[in-house]
Amino acid sequence: MIRKFRPRPGCVVQAYKFALDPNAGQEQALRSHCGAARAAYNWAVSWVTASWWQRKAETSYGIGDEELTPWRSWSLPALRKEFNRIKTTDPRFAGWWQENSKEAYNTGLSNAAAAFDSYAKSKQGKRKGARVGIPRLKPKRKARQACRFTTGTIRIEPDGRHVSLPRLGTIRTHESTVKLLTRIRAGTARILSATARHERGRWFVSCQVEMARDIARVDRPDVAVGIDLGVRHLAVLADSSGEIRYEPNPKHLDGALKLLRFHSRRVSRRQEPDGRTGQKPSKRWEKANRERNKIHHRVTNLRTDALHKLTTRVRAEYGTVVIEDLNVTGMLRNKRLARHVADAGFGEIRRQLTYKGRRNACPTVVANRWYPSSKTCSNCGAVKAKLPLHVRVFACDACGLILDRDENAAHNLVALAAACTTGTGVAGDQDTPRVSKPRGADRKTRRQRPDRNTGRGGRADGESLPHQRRKEAGDRRQDTEARLALW
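Not measured: the values here are computed from a predicted model. (Residues numbered from 1 in each chain as written. Predicted model: local features only at pLDDT ≥ 70, side-chain atom pairs only at ≥ 80, totals over all residues. Heavy atoms only, no water.)

**Q** Hey, could you run me through the nonpolar core in this one?
**A** Note that soluble globular proteins tend to have their nonpolar side chains buried in a common cluster. In terms of nonpolar packing, the biggest core is built from 47 residues, with W43, L79, L109, L165 and V205 touching the most fellow members. Counting residues per element, this core draws most heavily on helix α1 (residues 24–60), at 12 residues. Ignoring anything within four residues of it in the chain, the contact list for V205 reads Y16, K17, F18, L20, V163, L165, A194, T195 and A196. Counting residues in hydrophobic clusters, the runner-up holds 19 residues, among them L229, V314, I323 and A344. (Core = buried A, V, L, I, M, F, W, Y, C linked by side-chain atoms within 4.5 Å. Buried < 20%, exposed > 50% of the residue type's maximum accessible area, 1.4 Å probe, protein only. Helix = DSSP H or I, 4+ residues; strand = E, 2+ residues; numbered from the N terminus. Contact = heavy atoms within 4.5 Å.)

Now the structure itself:
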């Protein structure tokens, strides 16, 4: 069993990503290495699954379990041993395997081993997330081009504008590498591996670095901030000192839609590829598709840059950040808001706030998904039973507070930071008594269908609720604290 790498005490593993400017020969070598990784992956998947289908066929013939073809191991050492045995004789590799670094083939074999491990753990119920199926072959046109180097010459050149990779030589970088070079010279960082990848229309190299990182002190460590994400405003920030800040939504995709429509029409007029009939794309289609992809890549880069700047600025200022556990997948099913929600990047904002908070040793509090931050009055605590999405102003019927809907939600979120600090309502707090929550305030309610015989609303079993329980209250007091998750 391969031991998992653990950084030294006081060190973290961080990636430095640089864009590359390879010449024609270097780009061809990069594509060859990535193709070798894909070929090795496909061979490993075929070699392992061949024994599965053989055993299944033998079982159908009535052969006993003792005489069946033995299982083939998908561990990385076993795949390496078998690949090294056949690479000189197999016609699929014999003529060209020496042209690439051994790291290219190791990349494909390690990816195949990881894919089979994920499949086995998912089938046994030991893996979180969606069910993982049997690894499939990677097609040439759709596979992501990537190759990982773990041994050999991996170096940042002294001029700060070149990197050296095994068998590829020295490649010029599009941007300066001085930040990483300075840490390496100071002895506070060392390169563990490098991954060359083609994405967003160009080549990148990502250096995995073990580096010593000191905990940076934030500007206001005693101040908490609640962040309410939205489409009209990307984020509304309300801190515990009473300050309100609105972050505008850049809407990068909306600004490029007109140009995208023009280029999409051009692509649709060309001869496109068709896998069902084997039709290959025309040169004009490939050229038009590249022009359209450039627009998508620019929008992605602008969004990534804006989100990193926002999350870095927030994490450098506040000690505690409170955010919501939004159901982004469910929000994307709304055909009216899906494009705007995807363009905002709610999930990416939460991910960046979480891992950047660990760097500063500052907590990230995640409010429960059903916590009614928008329906709760930030002044008196009354909870509205219903608050449609088109109502942008919160008006409390109990105390008369009139406030912007997003600002009111941000105030309620920052108030949860005090509950997290005192240990009340924190998820996993054993001392906190579990109490019931008011129905309709912190979770969705099922709409009752009228009874066909009586015409009155009833329960699923036909019994009707008492009058005082059937009556829907306008505003109610939120007596319980929301469950929080501390990341």
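What follows picks up the thread again.
**Q** I would appreciate a short explanation of the sheet that holds strand β1 (residues 11–19) in the present structure.
**A** Think of a sheet as strands paired side by side through backbone hydrogen bonds, with each pair either parallel or antiparallel. Read from one edge of the open sheet, 4 strands run β1-β7-β6-β2, paired in antiparallel fashion. Both edges of this open sheet fall to β1 and β2 (146–149), since each of them pairs with a single strand only. Strand-to-strand twist across the sheet, computed as the mean angle between neighbouring axes with direction ignored, equals 20 degrees. Pairing of strand β6 (residues 189–199) with strand β7 (residues 202–212), which is carried by 10 bridges, proceeds in the antiparallel orientation. Across the sheet, S193 pairs through a bridge with Q208, a residue of β7. (Pairing = 2+ DSSP bridges. Axes fitted to C-alpha atoms, helices over the stretch in contact; angles between N-to-C directions.)

**Q** Would you explain the environment of H233 in this entry?
**A** Within the element layout of this structure, H233 appears in strand β9 (residues 233–239). With 16 residues separating them along the chain, H233 and N249 place their C-alpha atoms 5.1 Å apart. In this structure H233 touches Y246, E247, N249 and D406, once residues within four positions along its chain are discounted.

**Q** Mind showing me how you'd approach the confidence of the model for the protein chain here?
**A** Close inspection of predicted coordinates is inappropriate in any region flagged by low pLDDT. Per-residue pLDDT for the protein chain averages 85, and the proportion of residues at 70 or more is 86%. Per-residue pLDDT stays below 50 along residues 422–483; that stretch engages in 82 contacts with residues further than four places along the chain or on separate chains. (pLDDT = per-residue confidence, 0-100.)

**Q** Help me understand the layout of surface pockets in this model?
**A** Gaps left between atoms are located by rolling a probe of water-molecule size over the structure's atoms. A volume near 1,700 Å³ is recorded for the second largest pocket. As for the second largest pocket, its lining consists of 43 residues, and the residues nearest its centre are R31, K140, R141, Q145 and H198. Listed by contribution, the elements that provide at least two residues to the lining of the second largest pocket are α1, α3 (102–123), β6 and α6 (283–317). In the lining of the second largest pocket, the residues fall into 12 nonpolar, 14 polar and 17 charged. (1 Å grid on protein atoms, 1.4 Å probe; cavity = no way out; pocket = protein on both sides within 12 Å on 5 of 7 lines; lining within 4 Å. Points joined across faces, edges and corners; volume = space filled by probe spheres on them. Nonpolar A, V, L, I, M, F, W, Y, C, P; charged D, E, K, R; others polar.)

**Q** What is the right way to look at the environment of G108 in this model?
**A** Structurally, G108 can be placed in helix α3. For G108, a relative accessible area of 1% gives the class buried. Taking C-alpha positions, G108 is 8.9 Å from W43, a pair spaced 65 residues apart along the chain. When neighbours within four sequence positions are excluded, G108 is seen to be in contact with A37, A40 and Y41.

**Q** Is there a simple way to explain the state of the cysteines in this structure?
**A** Chemically, a disulfide is nothing more than a covalent bond linking the sulfur atoms of two cysteines. Within the structure shown, the criterion is met by 0 disulfides. Summary of cysteine pairing: C147 is not part of a disulfide, and the nearest cysteine sulfur, belonging to C34, is at 5.8 Å. C147 gets classed as buried once you look at its relative accessible area, which sits at 1%. (Disulfide = S-S within 2.5 Å.)

**Q** What's the story with the sheet that holds strand β5 (residues 169–172) in this structure? I'm lost.
**A** The strand order across the open sheet built from 3 strands is β3-β4-β5, with neighbouring strands paired in antiparallel fashion. Looking at which strands have only one partner, the edges of the open sheet turn out to be β3 (155–156) and β5. Strand direction decides the pairing type here: strand β4 (residues 162–165) and β5, joined by 4 bridges, are antiparallel. Note on β5: the bridge partner recorded for V163 is I171.

**Q** Help me understand empty space enclosed by the protein, please; the structure alone is not making it clear to me.
**A** Under the criterion given, the structure shown has 4 cavities of 30 Å³ or more. Computed from the structure, the largest cavity encloses a volume of approximately 50 Å³. Taken together, L234, N249, P250, K251, H252, R303, A306, L307, D343 and A344 make up the full set of residues lining the largest cavity. Of all the secondary-structure elements, those providing two or more residues to the lining of the largest cavity are α6 and α8 (338–344).

**Q** What should I look at first to understand a positive patch on the surface in this one?
**A** Side chains of K140, R141, K280, K283, R284, K287 and R290 sit close together on the surface and give a patch of like positive charge. By the secondary structure assignment, K283 is in helix α6. Note on K283: relative accessible area 68%, which makes it exposed. (Patch = residues over 30% accessible without salt bridge, like charges linked within 9 Å, V, L, I, M, F, W, Y side chains within 5 Å. Areas by Shrake-Rupley, 256 points an atom, 1.4 Å probe, with all protein chains shown as cover. Salt bridge = Lys/Arg side-chain N within 4 Å of Asp/Glu carboxyl O. Lys, Arg positive; Asp, Glu negative; His and termini not counted. Charge placed at Lys NZ, Arg CZ, Asp CG, Glu CD.)

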